[in-house]
Amino acid sequence: MSELSKNMELVADTYGRPLRSLRLSVTDRCNLRCSYCMPEQDYVWLPREDVLTLEEMARLTGYFTDLGVDRVRLTGGEPLLRRGLSGLIRLLRQNQQIKDIALTTNGILLADYAEELYEAGLHRITVSLDTLRPERFHQLTRRDEHARVMDGIASVPRAGFTGLKVDTVAIRGFNDDELVDLIEFGKQAQAEVRFIEYMDVGGANEWSQEKVLSQATILLILSMRYGTIEPMPERGAAPAQRFLLPDGTTFGIIPSTTTPFCSTCDRSRVTADGLWYRCLYATAGTDLRKPLRAGASSDEIRDLIRSGWEGRRDRGAEERKALERDGLRIGGLIGIEKLREDPHLEMHARGG
Ligand code: SAM
Ligand code: SF4
Ligand code: SF4
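Residues numbered from 1 in each chain as written. Chains lettered and ligands numbered in written order. Predicted model: local features only at pLDDT ≥ 70, side-chain atom pairs only at ≥ 80, totals over all residues. Heavy atoms only, no water.

### Considering the pattern of salt bridges
Applying the stated criterion across every chain yields a total of 23 salt bridges. Notably, a salt bridge pairs D100 with R124, separated by 2.6 Å at the nearest N-O pair. You can see D100 sitting in strand 3 (residues 100–105) and its partner R124 sitting in strand 4 (residues 124–128), a full 24 residues away along the chain. In this structure, D303 and R306 form a salt bridge, with 2.5 Å as the shortest nitrogen-oxygen distance. Of this pair, D303 and R306 both sit in helix 9 (residues 298–310), separated by 3 residues, roughly a single helical turn. With a relative accessible area of 41%, D303 lands in the partly exposed category. Linked through salt bridges whose partners overlap, the residues forming this network are R20, D70, R71 and D266. (Salt bridge = Lys/Arg side-chain N within 4 Å of Asp/Glu carboxyl O. Helix = DSSP H or I, 4+ residues; strand = E, 2+ residues; numbered from the N terminus. Buried < 20%, exposed > 50% of the residue type's maximum accessible area, 1.4 Å probe, protein only.)

Now the structure itself:
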């Protein structure tokens, strides 16, 4: 852990947005092939020797917390494929600046690890689940793992966790007839469901405007079943707008595509090999692995992060939305050839 922790310094970007939340991708590998994230047959993986050790990840995180980060989300690829993940959580728990350590997982390995993760000090878990129907799951992910994901979800409260979230990418023509079923599932699984609008991040993601189920449509579908839906108080920098059903059930919508929330975005992400991206849509990042391994001082690495954040102008989702006016929002952000040249541009490398 870095020695400045006691004198934490806050930095702000060109729009005055603070640096508060870090998504740490612990691996780019995955045991599913979701069509909106990894539709291709073959992928170029990050070279193993480039992938940061858990100690390097904890050390890097320390520089971020010195500059204001107090929330860390572990993601991937599939983070539970990273050996020793609980060890990383234990290291992060030694950092007093971190108030919240969360995990986003596809849930396949969760039943095996939930207790261990709880013991290690993980605060919260989000499981991605797009359908309750095993055959649809297979169609979407090209793997027969639905039952294991369901077991994984059930294991979370049993292990002692509260605040379980289930994230669903809402896709027109795929799961728009399951929104109510998913809310009902959430009630019995002690989970808050959050619907994510389909995003045109990465490139090979089979995105099209027609497949986006907007926040407005999601609310319409749910109100036909549940009646009046009340928005809950302001969300601040959180990506999800939360809503309340008449029976007291809450759920969220992350409307990144139709109603971007870049103006309050305090998030950035580090890939498993130590590239730092200031936006989900950014095509260039800052290499933090090189200075880390070359023996740069703590001050030097912090300066790199500070100046990177102070120069941040990113508002990727708003810029993508602006293309709609001219009819230019027609597919993924980046062409497949370019993705093959640089795997960092893939959604699964930068953690969603
Ligand atoms: N493998 C883990 C999982 O699926 O939960 C963590 C990494 S995954 C990249 C993180 C989140 O990004 C998942 O909830 C996934 O559904 C979401 N995601 C991936 N591609 C997306 C897209 N094109 N639009 C919206 N959400 C997407
Ligand atoms: Fe699906 Fe997550 Fe794997 Fe992407 S990283 S293919 S969203 S499970
Ligand atoms: Fe933040 Fe970029 Fe997402 Fe906008 S598009 S909310 S700036 S990560």
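### Quick look at the sheet that holds strand 4
Strand pairing in a sheet takes place through backbone hydrogen bonds and is either antiparallel or parallel in direction. Strand order in the open sheet formed by 12 strands is 7-8-9-6-5-4-3-2-1-10-11-12, and the pairing between neighbours is mixed. Every other strand in the sheet has two partners, leaving strand 7 (230–231) and strand 12 (286–287) as the edge strands with one partner each. Along the sheet, helix 7 (residues 215–226) makes contact with strand 5 (164–170), strand 6 (191–197), strand 8 (241–244) and strand 9 (250–254), crossing strand 9 at roughly 155 degrees. In the packing of helix 9 onto the sheet, contacts are made with strand 10 (267–270), strand 11 (275–277) and strand 12, and the angle to strand 11 comes to roughly 25 degrees. (Pairing = 2+ DSSP bridges. Contact = heavy atoms within 4.5 Å. Axes fitted to C-alpha atoms, helices over the stretch in contact; angles between N-to-C directions.)

### Here's the deal with the packing of helix 6 (residues 179–189) against helix 7
It is at 9 Å that the axes of helix 6 and helix 7 come closest, and there the two elements cross at 70 degrees. One way to sum up the angle between helix 6 and helix 7 is to call them roughly perpendicular. The two elements helix 6 and helix 7 cross, and the hand of that crossing is right-handed. Of helix 7, the residues touching helix 6 (which contributes L179, V180, I183, E184 and K187) are I218, I221, L222, R225 and Y226. When its residues are assigned to classes, the contact of helix 6 with helix 7 shows 7 nonpolar, no polar and 3 charged. (Parallel < 35°, antiparallel > 145°, perpendicular 65-115°, else oblique. Left-handed = near helix turned anticlockwise from the far one by under 90°. Nonpolar A, V, L, I, M, F, W, Y, C, P; charged D, E, K, R; others polar.)

### Structural notes on the environment of A282
As for its position among the elements, A282 is in the loop between strand 11 and strand 12. Residue class for A282 comes out buried when judged on its relative accessible area of 9%. Residues A282 and D314 lie 32 residues apart in sequence; the distance between their C-alpha atoms is 7.4 Å.

### So, helix 4 (residues 134–141)
Along helix 4, the positions that sit buried rather than exposed are R136, F137, L140 and T141. Down the axis, helix 4 shows its buried residues gathered within 115 degrees of arc, on one side only. Residues of helix 4 that are exposed and angled more than 90 degrees away from the buried face: E135 and Q139. Residues of helix 4 that are buried in the fold lie against helix 5 (146–159). Two residues or fewer after helix 4 comes R142, characterised by a positive phi angle close to 60 degrees. (Arc of directions from axis to C-beta.)

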